Amino acid sequence: MTATPAHGAGSTWDTAEAVDRILKAYATSDVVAIRQAQINLLGSIEGAAVLDVGCGPGVFARDLAARGARVTAMDSAPAMLDAAAGIPGVETAVGDASALPFPDDSFDAAVLVQVIEYVPDAVGALREIARVLRPGGRVLVGDTDWGTASWGIGDAELADRIKQAWCATKPHFDAGRRIPEWLAAAGFHVAAWDPRVLANADACGDTFHGHTWKTYRRALERLGSVPVDDLDRFDRLCAEATAAGTFTFCVLRHAWLGRLPQ
């Protein structure tokens, strides 16, 4: 039996539903603010050739192009590339983070955001980026440290079990905090760090949590790592806490800027 790929063609990432979910989650005010702060780490990118690795539906690529960059947006899922196609200043390419389909010294900068937590060989992927960057090139690597996630729902034990089960689905649940060591191992100098708290007070509405939790729940159900009764109770507690004005969801997202030697 052939395993379903995690993020490539034919995966749950390669669907219209996934495109819609990401576009909505990344349009919420809290995520927009984090994204703009992360892009700021790159400094001026006017006229720069920038590679967006694992571009998804092109949210980062669009904002990079709006700052004057010439963007190549790369993903392994056709549905995501279809969504990114047609953004002014953006070209699309099919590829995998572990084996970039570009020659050496092709780009001035690269971004790898909410991707490296899924890549088994994180250092190998960063070495691939180093290969396609020109001397002195910059890379923005941003990701979540899911070990910091917390839910205010009145049942700390259940919230912790949900967190542990979600962390277990990822090659690197703590990617955000480990990025600097991976950058150094790949030959980059760590030049800047910007940690941000992603915080939601509404579990069900137009928030990151509201747009993403149903997908996370389906993954936990599929794996059988949390009993359905517990997931139902978690949903109920989230909704009740939101209605009472006591719900909180917080997680730490890190952004790191690496530079190659001149």
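Here the structure is a predicted model, which is why all the values come from computation and not from measurement.

Visitor: Explain the overall build of the protein chain here, please?
Guide: Along its length, the protein chain carries nine helices and seven strands. Its C-alpha atoms give the protein chain a radius of gyration of 18 Å, near enough to 18 Å, the size a compact globule of 262 residues would have. Judged by the C-alpha coordinates and their principal axes, the protein chain covers about 55 × 40 × 35 Å. Counting over 262 residues, the protein chain shows a buried share of 53%. Pairs at least 24 residues apart make up 73% of the contacts formed inside the protein chain by residues separated by at least 6 positions. When the accessible area of the protein chain is evaluated, it comes to approximately 11,300 Å², of which 55% is carbon and sulfur surface. Distance between charge centres in the protein chain, computed from 24 positive and 33 negative side chains, equals 2 Å.

Visitor: Sorry if this is basic, but what is going on with the packing of helix 6 (residues 156-167) against helix 8 (residues 208-223) here?
Guide: Each pair of packed helices gets described by two things: the angle between the helix axes and the distance between those axes. Put simply, helix 6 and helix 8 touch, their axes get as near as 10 Å, and they point 75 degrees apart. Between helix 6 and helix 8, the angle is such that the two are roughly perpendicular. Only W213, Y216, A219 and L220 of helix 8 make contact with helix 6, whose side of the interface consists of I162, A165 and W166. Class assignment for the residues of the contact of helix 6 with helix 8 results in seven nonpolar, no polar and no charged.

Visitor: Is there a simple way to think about the pairing of strand 3 (residues 90-94) in this case?
Guide: Every other side chain in a regular strand lies on the same face of the sheet, so the side chains alternate between the two faces. Alignment of strand 2 (residues 70-75) against strand 3, held across five bridges, turns out to be parallel. Bridge pairing in strand 3 places D75 opposite V94.

Visitor: Whenever I open this one, the packing of aromatic side chains confuses me. Can you help?
Guide: Geometrically, a pair of aromatic rings is defined through the distance of the ring centres and the angle of the planes. What the rule picks out here adds up to eight aromatic pairs. Here the aromatic rings of W146 and Y216 are separated by 5.9 Å at their centres, their planes lie at 90 degrees, and the arrangement is edge-to-face. Taken together, the positions of W146 in strand 5 (residues 133-152) and Y216 in helix 8 put the pair 70 residues apart, joining distant regions of the chain. An identical accessibility class is assigned to W146 and Y216; each is buried. Seen from their ring centres, W151 and F249 are 5.3 Å apart, and the 40 degrees between their planes marks the pair as tilted. In this pair, W151 is assigned in strand 5 and F249 in strand 7 (residues 248-259), connecting sequence segments 98 residues apart. For the residue pair W151 and F249, the accessibility class agrees, reading buried in each case. Here the aromatic cluster, defined as three or more aromatic residues joined through ring pairs, consists of W151, W213, F234 and F249.

Visitor: I would appreciate a short explanation of the nonpolar core in the present structure.
Guide: One recurring pattern in soluble globular proteins is that nonpolar side chains are buried together. Counting residues in hydrophobic clusters, the biggest one holds 38 residues, and the most contacted among them are W146 and W151. In this structure, W151 is in contact with A159, I162, K163, H209, F234, F247, T248 and F249, ignoring residues within four places of it in sequence. Of all hydrophobic cores here, the second largest spans 32 residues; its members include L100, L126, I129 and W256.

Quick notes on the rules
- Residues numbered from 1 in each chain as written.
- Predicted model: local features only at pLDDT ≥ 70, side-chain atom pairs only at ≥ 80, totals over all residues.
- Heavy atoms only, no water.
- Helix = DSSP H or I, 4+ residues; strand = E, 2+ residues; numbered from the N terminus.
- Rg over C-alpha atoms; globule rule 2.2 N^0.38 Å.
- Buried < 20%, exposed > 50% of the residue type's maximum accessible area, 1.4 Å probe, protein only.
- Contact = heavy atoms within 4.5 Å.
- Areas by Shrake-Rupley, 256 points an atom, 1.4 Å probe, with all protein chains shown as cover.
- Lys, Arg positive; Asp, Glu negative; His and termini not counted.
- Charge placed at Lys NZ, Arg CZ, Asp CG, Glu CD.
- Axes fitted to C-alpha atoms, helices over the stretch in contact; angles between N-to-C directions.
- Parallel < 35°, antiparallel > 145°, perpendicular 65-115°, else oblique.
- Nonpolar A, V, L, I, M, F, W, Y, C, P; charged D, E, K, R; others polar.
- Pairing = 2+ DSSP bridges.
- Phe/Tyr/Trp six-rings, centres within 6.5 Å; stacked < 30°, edge-to-face > 60°.
- Core = buried A, V, L, I, M, F, W, Y, C linked by side-chain atoms within 4.5 Å.

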